[in-house]
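As a plain string of letters, each chain reads:
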Amino acid sequence: MRSERRTPPDISVWTQSCDRWRKIDMTAEVKVEEKQVESEVVIASAVAPVEETTVKAVVEEEVDGSEAKVVEKSSSFKEESDFFSDLKDSEKKALSDLKTKLEEAIVENTLFKKKKETPVKVVEKKKAEEDKAVVTEEAKAEERPKEEAKTDAVVTEEAKAETIEDVVQKESPKEEEVKTEADVVDTKEAEIAEEEKKTEEAVVTKEATVEQEEEDEIVDNDIELWGVPLLPSKGAEGTDVILLKFLRARDFKVNDAFEMLKKTLKWRKEQKIDSVLGEDFGEDLASAAYMNGLDRESRPVCYNVYQTTFGSEQSRENLLRWRFQLMEKGIQKLDLKPGGVTSLLQIHDLKNCPGLSKTELWVAIKNAIVALQDNYPELVSKNVFINVPLWFYAVSTFLSPFLTQRTKSKFVVTRPANATETLLKYIPAEEIPVQYGGFKRDDDNEFSNEAVSEVVVKPGSSETIEIPATETEGTLVWDVAVLGWEVNYKEEFVPADEGAYTIIVQKVKKIGSNEGPVRNSFKNSESGKIVLTVDNVSSKKKKRVLYRYRTKTESSC
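Conventions and cut-offs
Residues numbered from 1 in each chain as written. Predicted model: local features only at pLDDT ≥ 70, side-chain atom pairs only at ≥ 80, totals over all residues. Heavy atoms only, no water. Helix = DSSP H or I, 4+ residues; strand = E, 2+ residues; numbered from the N terminus. Buried < 20%, exposed > 50% of the residue type's maximum accessible area, 1.4 Å probe, protein only. Contact = heavy atoms within 4.5 Å. Areas by Shrake-Rupley, 256 points an atom, 1.4 Å probe, with all protein chains shown as cover. Pairing = 2+ DSSP bridges. Salt bridge = Lys/Arg side-chain N within 4 Å of Asp/Glu carboxyl O. Axes fitted to C-alpha atoms, helices over the stretch in contact; angles between N-to-C directions. pLDDT = per-residue confidence, 0-100. Parallel < 35°, antiparallel > 145°, perpendicular 65-115°, else oblique. Nonpolar A, V, L, I, M, F, W, Y, C, P; charged D, E, K, R; others polar. Phe/Tyr/Trp six-rings, centres within 6.5 Å; stacked < 30°, edge-to-face > 60°. Core = buried A, V, L, I, M, F, W, Y, C linked by side-chain atoms within 4.5 Å. Expected span 1.5 Å × (residues − 1). Polar contact = N/O pair within 3.5 Å; in protein donor to acceptor, adjacent residues only side chain to side chain.

A few words now on the overall build of the protein. A count of helices and strands for the protein gives twelve helices and 17 strands. For the protein, the residues scored as buried account for 43% of the 557 residues in total. Here the analysis covers contacts within the protein between residues at least 6 apart in sequence; of these, 78% occur between residues at least 24 apart. Carbon and sulfur atoms make up 48% of the accessible area of the protein, which totals about 30,700 Å².

Here it is, written out as structure tokens:
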């Protein structure tokens with residue numbers, strides 16, 4: 001779908017909306033936490049809604065007896081196949097047409113060429129000829145009355161029978177006048193010729209400049225984008241994948257996709273994107289986003305943490321280049337081939353985001369989103385926003401006009417209480433960082449490929465998880481996470497010998513909703529089992545419990 005640049009909403013309207021959401025967020029946070037949103041929201045366009053086949057429920061937050069802004073739902077985005085055989089007939093034709101145009105442009109060196117300004121020379125010459133004709137006509141017009149004056153003088157001489165001397169005396173000044181006027185005409189013609197010569201020289205110089213610009217834009221047949229050759233005749237596997245991304249971003253409109261590709265290549269050259277990987281942006285920005293783990297489709301996951309302000313133009317420029325660098329690093333982890341991993345998953349954490357008052361931050365974010373949308377098409381499978389405050393819905397209204405419908409269909413928004421549950425839809429628990437409710441820890445040697453299991457604890461009931469300890473000597477290690485927590489939890493070791501005493505590993509304690517995953521271990525000297533008890537008696541909601549474990553023996557350590 002074509003990316004439409006619309007005029008942004010009136011800033012006063014946006015400011016009023018921001019103020020309203022700020023007040024709501026300040027006065028109603030406690031109540032909102034009591035009534036949590038139970039389903040994720042996909043942001044939709046307020047301008048051009050589309051028909052929906054599979055959609056998430058609309059979220060309505062009730063604050064102080066009044067309904068908050070309803071976030072519209074949108075059709076869920078599903079990534080398409082890059083295999084040529086899986087394409088529709090119309091899509092196959094569009095891809096073939098685009099490959100033909102691109103092949104011709106690269107081979108004939110017209111990919112970046114500007115159209116010659118040949119009409120300039122023609123127009124200027126025509127103008128010079130018109131000027132010459134006007135001046136010549138003026139000269140002739142001045143000559144006519146003088147010739148008539150001369151004729152009248154001769155007739156007068158014959159009628160009055162004047163003497164030759166008188167005639168000479170009378171005619172001499174007239175002859176001198178005629179000669180002088182003839183000289184003027186000659187001078188004007190000379191000036192016109194000189195001016196025409198200068199005009200022609202100027203035109204030739206201008207054409208030479210155009211030719212020089214075209215020579216500077218010569219395209220190498222080995223031109224690449226993200227390490228993939230663009231010349232179709234080279235037969236690279238990734239060429240179709242790259243071209244399909246531009247076609248899908250422009251709804252398979254060949255000319256629009258071709259123009260988008262050309263603009264992207266030109267933008268990369270002007271911004272020197274190929275050298276951005278070697279730039280250092282300091283520790284502040286390095287901690288603002290990072291790559292960590294893979295999603296359920298083996299896509300690299302990028303986490304963005306918005307907690308920095310950007311007051312100066314230079315710092316905002318650094319933010320943009322750093323964001324491009326991060327994108328380039330992520331693309332290096334992709335396999336741009338049919339059937340390969342060809343996109344990233346983006347997670348945006350707004351927990352400590354500065355808020356609506358930091359307009360310079362949102363301007364920088366808007367610029368980054370637009371630049372990424374225009375120059376990195378279809379390289380992000382989804383943008384998942386977690387820990388979203390209420391005022392974010394006002395910001396989404398501000399950003400909406402700058403985004404295509406396809407881009408907005410990839411947006412998923414969720415409130416703090418549902419952050420982990422939403423992430424689990426896209427990322428396995430063992431790949432979610434521990435700070436987001438998963439089991440992934442930095443430099444973790446305790447687990448490798450152990451499977452994660454799940455049990456559901458119904459409201460008003462308890463469930464136990466048993467971890468066998470078959471070895472007489474060893475160490476048991478386990479991870480447990482309860483989505484939403486607010487349960488009572490305890491850990492015990494029960495020996496296999498019925499006459500032995502049960503050992504309390506962790507006494508009963510109430511775990512709040514803000515608690516992260518629990519990791520514990522127990523070194524046993526006899527066979528038995530670890531029993532984990534999750535008591536959900538006081539809650540009216542079911543709880544999902546995720547866990548994994550490993551038995552470490554001397555041979556496995």
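Two faces make up the sheet, and in a regular strand the side chains alternate between them. For strand β16 (residues 528–535), the buried fraction is high: six of the eight residues fall into the buried class. Bridge count for strand β11 (residues 462–469) against β16 is eight bridges, and the pairing is antiparallel. Each residue of the ladder has a partner; that of Ser 462, found in β16, is Asp 535. In terms of strand pairing, strand β13 (residues 487–495) meets β16 through eight bridges, oriented antiparallel. Its bridge partner being in β16, Glu 492 is matched across the sheet by Val 531.

Next up on the list: the pattern of salt bridges. Opposite charge on two side chains makes pairing possible when the charged atoms of those side chains draw close. The final tally for this structure, using the stated rule, is 24 salt bridges. Residue Glu 80 is joined to Arg 248 by a salt bridge in which the shortest nitrogen-to-oxygen separation is 3.8 Å. With Glu 80 in the loop between β2 (66–67) and α2 (89–107) and Arg 248 in helix α5 (residues 237–249), this residue pair connects regions lying 168 residues apart in the sequence. Residue classification places Arg 248 among the buried positions, given a relative accessible area of 8%. A salt bridge links Glu 492 to Lys 490; the nearest nitrogen and oxygen atoms lie 4.0 Å apart.

Here four strands make up an open sheet; going across it, the order is β11-β16-β13-β14 and the pairing antiparallel. Either end of the sheet is taken by a strand with one partner, and the two such strands are β11 and β14 (503–511). Averaged over all adjacent pairs, the angle separating strand axes in this sheet is 15 degrees, with direction ignored. With six bridges joining them, β13 and β14 adopt antiparallel strand pairing. Across the sheet, residue Glu 492 finds its bridge partner in β14, namely Ile 504.

Here we take up the confidence of the model for the protein. Looking at the protein, pLDDT values average 75 and 65% of them are 70 or higher. The model gives residues 1–15 a pLDDT under 50, and that stretch makes 29 contacts with residues more than four places away or in other chains. Contacts of residues 153–182 to residues separated by more than four positions or lying in other chains number nine contacts, the stretch itself having pLDDT below 50.

With that out of the way, let us pick up the packing of α2 against α5. Think of two packed helices as two axes; the pair is described by the angle between the axes and how far apart they sit. Between α2 and α5, the shortest axis-to-axis distance is 10 Å and the interhelical angle comes to 110 degrees. Relative to α5, α2 is oriented roughly perpendicular. Contacts from Ala 94, Leu 95, Leu 98, Lys 99 and Leu 102 in α2 reach Asp 240, Leu 243, Leu 244 and Leu 247 in α5. Classifying every residue of the contact of α2 with α5 by side-chain character gives seven nonpolar, no polar and two charged.

Another point: the packing of aromatic side chains. Going through the model one piece at a time under the given rule, you end up with nine aromatic pairs. Ring plane angle 35 degrees and centroid distance 5.2 Å describe the contact between Phe 385 and Phe 392, whose orientation is recorded as tilted. The class of Phe 385 is buried, set by a relative accessible area of 7%. For the pair Phe 385 and Phe 411, a centre-to-centre distance of 5.2 Å together with 55 degrees between the ring planes defines the contact as tilted. Remark: Phe 411 occurs in strand β9 (residues 411–413) and Phe 385 occurs in strand β8 (residues 380–386); sequence separation between them is 26 residues. Linked through ring pairs, Trp 226, Trp 267, Phe 324 and Tyr 376 together constitute an aromatic cluster.

Attention now moves to the packing of helix α6 (residues 254–271) against helix α9 (residues 359–375). Running from N to C, α6 and α9 point in directions that differ by 120 degrees, and their axes come no closer than 9 Å. It follows from the interaxial angle that α6 and α9 lie oblique. Residues Met 260, Lys 263, Thr 264 and Trp 267 of α6 lie in contact with α9, whose contacting residues are Gln 373, Asp 374 and Asn 375. When grouped by side-chain class, the residues that make up the contact of α6 with α9 number two nonpolar, three polar and two charged.

Taken in spatial order, the four strands of this open sheet run β10-β17-β12-β15, and their pairing is antiparallel. The strands lining the two open edges of the sheet, one partner per strand, are β10 (453–457) and β15 (518–524). Each strand axis lies, on average, 25 degrees off the axis of its neighbour in the sheet, ignoring direction.

A few words now on α5. Burial runs high along α5: twelve of the 13 residues are buried. Of all the residues in α5, the buried ones are Gly 238, Thr 239, Asp 240, Val 241, Ile 242, Leu 243, Leu 244, Lys 245, Phe 246, Leu 247, Arg 248 and Ala 249. Buried residues belonging to α5 abut α2, β3 (224–225), β4 (228–229), α6 and α11 (405–408). Asp 251 sits one or two residues past α5 and shows a positive phi near 55 degrees.

Before going further, it helps to spend a moment on unusual backbone geometry. For Ser 298, which is not a glycine, the phi torsion comes out positive at approximately 70 degrees. Within the fold, Ser 298 resides in the loop between β5 (289–294) and β6 (300–305). Residue classification places Ser 298 among the partly exposed positions, given a relative accessible area of 41%. The backbone of Glu 378 sits at a positive phi, close to 55 degrees, despite the residue not being glycine.

Ranked by internal contacts, the top residues of the largest apolar core, which has 54 residues, are Leu 111, Trp 226 and Tyr 376. The set of elements that each furnish at least two residues to this core consists of α2, α5, α6, α8 (313–332) and α9. Apart from residues no more than four positions distant in its own chain, Leu 111 is found in contact with Leu 102, Ala 105, Ile 106, Val 219, Ile 223, Phe 258, Lys 262 and Leu 265. The next biggest cluster of nonpolar side chains, apart from the first, holds 21 residues, and it includes Cys 353, Val 388, Phe 392 and Tyr 393.

Turning to α6, a few remarks are in order. At 3.6 residues per turn, the α-helix brings residues three or four places apart onto the same side. In a regular helix each residue adds 1.5 Å, so 18 residues correspond to 26 Å; α6 covers 26 Å between its end C-alpha atoms and thus fits that length. Of the residues one or two after α6, Lys 272 is the one with positive phi, at around 55 degrees.

Moving on to the side chain of Lys 245. Within the secondary structure, Lys 245 is located in helix α5. The class for Lys 245 is buried, based on a relative accessible area of 4%. A polar side-chain atom of Lys 245 sits 2.8 Å from the main-chain carbonyl oxygen of Glu 378. Not counting residues within four places of it along the chain, the set of residues in contact with Lys 245 comprises Leu 336, Thr 342, Pro 377, Glu 378 and Leu 379.

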